[in-house]
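Each chain, written out:
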Amino acid sequence: MTKSELTIQLAARFPQLFAKDAEIPVKLILAAMSERFSQVTRMEIQGIGTFSLRYLPPRVGRNPKSGVKVEIPGKYEPYFKAGKELRERVTARTLQPSPTDR
């Protein structure tokens with residue numbers, strides 16, 4: 001789901017909101033999450049899951065075009081682990097496919 005899809009669903013769920021007005025809380029929430037995640041290494045949202053940072057150590061890779069070895073520096077990468085409630089909802093949905101799933 002993209003930000004625009006989330007905005008459209010929010011506007012559809014709350015008819016008193018115009019799509020442009022529904023965009024504001026979506027942007028604020030995502031901006032707050034990004035800002036907070038840049039300050040801490042772990043963030044949990046109840047019922048959804050946990051966002052954390054994983055360290056990828058330095059390694060040697062290859063340039064696919066020339067085949068030359070390239071040193072890739074270590075870096076931190078965001079990682080998401082779904083919570084129990086989200087996993088159960090996804091599992092329940094996949095056991096009963098909707099008519100649009102083909």
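Overview of the structure. (Residues numbered from 1 in each chain as written. Predicted model: local features only at pLDDT ≥ 70, side-chain atom pairs only at ≥ 80, totals over all residues. Heavy atoms only, no water.)

### Re the overall build of the chain
Here's step 1: On a plain count of helices and strands, the chain comes out with three helices and five strands.
Here's step 2: The order of helices and strands in the chain, counted from the N terminus, is α-α-β-β-β-β-β-α.
Here's step 3: Taking 102 residues into account, the globule formula puts the C-alpha radius of gyration at 13 Å, and the chain, at 20 Å, lies well above it.
Here's step 4: Principal-axis analysis of the C-alpha atoms places the extent of the chain at approximately 55 × 35 × 30 Å.
Here's step 5: Taking all 102 residues of the chain together, 12% fall into the buried category.
Here's step 6: Roughly 8,900 Å² of accessible area belongs to the chain as shown, and the carbon and sulfur atoms make up 59% of that amount.
Here's step 7: Computing the positive centroid from 18 side-chain charges and the negative centroid from 10, the chain places the two 6 Å apart. (Helix = DSSP H or I, 4+ residues; strand = E, 2+ residues; numbered from the N terminus. Rg over C-alpha atoms; globule rule 2.2 N^0.38 Å. Buried < 20%, exposed > 50% of the residue type's maximum accessible area, 1.4 Å probe, protein only. Areas by Shrake-Rupley, 256 points an atom, 1.4 Å probe, with all protein chains shown as cover. Lys, Arg positive; Asp, Glu negative; His and termini not counted. Charge placed at Lys NZ, Arg CZ, Asp CG, Glu CD.)

### Considerations on the sheet that holds strand β2 (residues 49-56)
Sheets are built from strands that pair by backbone hydrogen bonding, the pairs being arranged parallel or antiparallel.
Here's step 1: Reading across the sheet, the three strands line up as β1-β2-β5 and stay open at both edges, with antiparallel pairing between neighbours. Only two strands of the sheet have a single neighbouring strand rather than two, namely β1 (42-45) and β5 (75-82). Averaged over neighbouring strand pairs, the angle between their axes works out to 25 degrees when direction is ignored.
Here's step 2: Two elements, β2 and β5, share eight bridges in a ladder whose sense is antiparallel. Note on β5: the bridge partner recorded for Y55 is Y76. (Pairing = 2+ DSSP bridges. Axes fitted to C-alpha atoms, helices over the stretch in contact; angles between N-to-C directions.)

### Things to note about the packing of helix α1 (residues 3-13) against helix α2 (residues 19-39)
Here's step 1: Running from N to C, α1 and α2 cross one another at 125 degrees; their axes reach a closest spacing of 8 Å. By the criterion of interaxial angle, the relationship of α1 to α2 is oblique. Classified by chirality, the crossing of α2 by α1 is right-handed. Of the residues in α2, those in contact with K3, L6, T7, L10 and A11 of α1 are A19, A22, E23, P25, V26 and L30.
Here's step 2: In terms of residue class, the contact of α1 with α2 is built from eight nonpolar, one polar and two charged. (Parallel < 35°, antiparallel > 145°, perpendicular 65-115°, else oblique. Left-handed = near helix turned anticlockwise from the far one by under 90°. Contact = heavy atoms within 4.5 Å. Nonpolar A, V, L, I, M, F, W, Y, C, P; charged D, E, K, R; others polar.)

### Topic: the layout of surface pockets
Here's step 1: Its volume calculated, the largest pocket comes out at about 630 Å³.
Here's step 2: In terms of lining, the largest pocket is formed by 14 residues, of which the most central are M1, L6, I29, L30 and I48.
Here's step 3: Looking at the lining of the largest pocket, the elements with two or more residues in it are α1 and α2.
Here's step 4: A per-element tally of the lining of the largest pocket places α2 first, with five residues.
Here's step 5: Its residues placed into classes, the lining of the largest pocket shows twelve nonpolar, one polar and one charged. (1 Å grid on protein atoms, 1.4 Å probe; cavity = no way out; pocket = protein on both sides within 12 Å on 5 of 7 lines; lining within 4 Å. Points joined across faces, edges and corners; volume = space filled by probe spheres on them.)

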